[in-house]
Each structure stands twice: as structure tokens, then as C-alpha cells.
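Descriptive structure summary
Chain residues, written in single-letter form:
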Amino acid sequence: MKKIVVAIDGWSSCGKSTLAKQMAKELGYIYVDSGAMYRAITLYFLRNHVDWNEKKAVKKALKDIELDFRLNEQNENVEIYLNDENVEYLVRDLIVAEKVSEVAAIRSVREFAVAQQQKLGKKKGIVMDGRDIGTVVFPKAELKIFMTADNAVRVERRFRELVEKNPNITIEEVAENIQMRDYIDSNREVSPLRRAEDAVVIDNTKLTQEEQLKKALKLAKNITG
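These notes cover the structure that comes with them.

A short note on helix H3 (residues 55-62)
- Those residues of H3 not exposed but buried are Val58, Ala61 and Leu62. Seen from one end, H3 has its buried residues packed into an arc of 100°, which puts them on one side. In H3, the exposed residues that point more than 90 degrees away from the buried face are Lys56, Lys59 and Lys60.
- In this structure, the buried residues of H3 make contact with helix H2 (34-47) and helix H5 (107-121).

Listed below in C-alpha cells is the structure:
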């Protein structure tokens, strides 16, 4: 069975990462969370008070950033490391979420991340999710999926995810955050969120995780044989 690259794009809080992780597990592929890479860069900038509006400061900071994905043998998840520190849970914080779209819109940041992502994809057998995987990172990916869902459903999903870590968060704050991220992601100058022409759209508003996984695996198996 030949190995392929699976590129999953779509709006925030559409369950891209969940589907990508499940597909990687079922296919025996490596899962790469491109969003976590941008979140880790954002975390580094926040921690080190890097002014990301200053091009020189950004380029200097990127030289000190090393990103890696490692398997957590206890929970069998692949987790993001920033300069040898496991930051898988730190990068999910709302403070990082509020700034990540700004940081991800910077040309030098995207070039840095995309170069690392393309290096990971050379061996095939990977599933990667993000905003520009099928259009910029892997335009020749054998399978491209674009995920979408109704806005209210996306807000509810994100709220349920965040309220466990931050009981004081309100659904209005989450809705505002998603609206802001959608705007920045689709209007940024560098690699805006777009559906690749050859991407298969999966609207999971009314789908269970099992149903969307079944649909995506069928698409993959039609290609791999």
C-alpha cells in the first residue's frame, strides 16, 4: 500500500486536528499539527517579549526557535516541543489563541514554519492540518480535505474545550475570538485561508467524529488502494 500526504485545511474549531490525529492512527501515519507550530512560535514571542511588528526582531527570534514533535508513550499522542520543552498544553491557552493569527500572518514566520513542514513531508505517510496545507505547504498532496461547520457549532465546540481549563471564560469571548481568527486567517496577505480547487469539502456540522473519520478514510483508501 503506497503512502501519501493527507492535507487537511479549514476554519478554526472545525475539528481538523481531531480528524487528522484519528486518520494518522488508523493509517499508521505521522500526525503533524501545523497550528501547534505557530502557537509554539507565538508562545516564544510572548515569553520573550518579541515585538512581532518589528521584522528584525522576528527574524532574530526565529533563529533561536527549534520545534519538534515527539510521541508521548503514556497517551500515545504526538506532542509539540519548543526548544526541548514540552509545550503541548501551554500552546492551547487563550492568550496564545488570541495572538496566533497575528503571528501566523507574518511572512518570515510562515516561511520558517512551511520549510519545516515540507521537510517533514518528504518521506510521505503524514497527515497535516492547518490553514494553507493543501494550497501552499503541499500543493501536490495526494489527498486534500477542507473542513467546515456552522459558526454556532464551532463556537460551542471551542467553548467546551476551553471551559475545562478556564472556568471563567464566557461563550461571548470564544465567539469573538473565532470571528477575529476567521477574519485574520482569510484576509492575511501571506497564504490566506483558501480551499484548494481539488480539495474535498467535509461539512461536519451534523456529523459525529466516527462518521467524519469513516468518510475521510474512504477517500484515503480510494487513493492508496
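Anyway, onward from the coordinates.
Section: a positive patch on the surface
- A contiguous patch of positive charge on the surface is contributed by Lys55, Lys59, Lys60 and Lys63.
- Its location among the elements puts lysine 63 in the loop between H3 and strand S3 (67-72).

Quick word on helix H4 (residues 94-104)
- Of the residues making up H4, those classed as buried are Leu94, Val96, Ala97, Val100, Ser101, Val103 and Ala104.
- For H4, the secondary structure elements touched by its buried residues are H2, H5, helix H7 (151-163) and helix H8 (171-187).
- With a side-chain oxygen lying 2.9 Å from the backbone nitrogen of isoleucine 95, the N-terminal cap of H4 falls on aspartate 93.

Observations concerning the packing of aromatic side chains
- One pass over the structure, following the stated rule, counts one aromatic pair.
- Taking the centre distance of 6.4 Å and the plane angle of 20° together, the rings of phenylalanine 45 and tryptophan 52 count as stacked. Each member of the pair, phenylalanine 45 together with tryptophan 52, is buried.

Quick notes on the side chain of serine 186
- Examined against the element boundaries, serine 186 turns out to sit in helix H8.
- With a relative accessible area of 18%, serine 186 lands in the buried category.
- Among the polar contacts listed, one links the side chain of serine 186 to the backbone oxygen of aspartate 182, at a separation of 2.6 Å.
- Setting aside its immediate chain neighbours within four residues, serine 186 contacts Trp11, Pro192, Leu193 and Arg194.

About the criteria used
Residues numbered from 1 in each chain as written. Predicted model: local features only at pLDDT ≥ 70, side-chain atom pairs only at ≥ 80, totals over all residues. Heavy atoms only, no water. Buried < 20%, exposed > 50% of the residue type's maximum accessible area, 1.4 Å probe, protein only. Helix = DSSP H or I, 4+ residues; strand = E, 2+ residues; numbered from the N terminus. Arc of directions from axis to C-beta. Contact = heavy atoms within 4.5 Å. Patch = residues over 30% accessible without salt bridge, like charges linked within 9 Å, V, L, I, M, F, W, Y side chains within 5 Å. Areas by Shrake-Rupley, 256 points an atom, 1.4 Å probe, with all protein chains shown as cover. Salt bridge = Lys/Arg side-chain N within 4 Å of Asp/Glu carboxyl O. Lys, Arg positive; Asp, Glu negative; His and termini not counted. Charge placed at Lys NZ, Arg CZ, Asp CG, Glu CD. Polar contact = N/O pair within 3.5 Å; in protein donor to acceptor, adjacent residues only side chain to side chain. Phe/Tyr/Trp six-rings, centres within 6.5 Å; stacked < 30°, edge-to-face > 60°.

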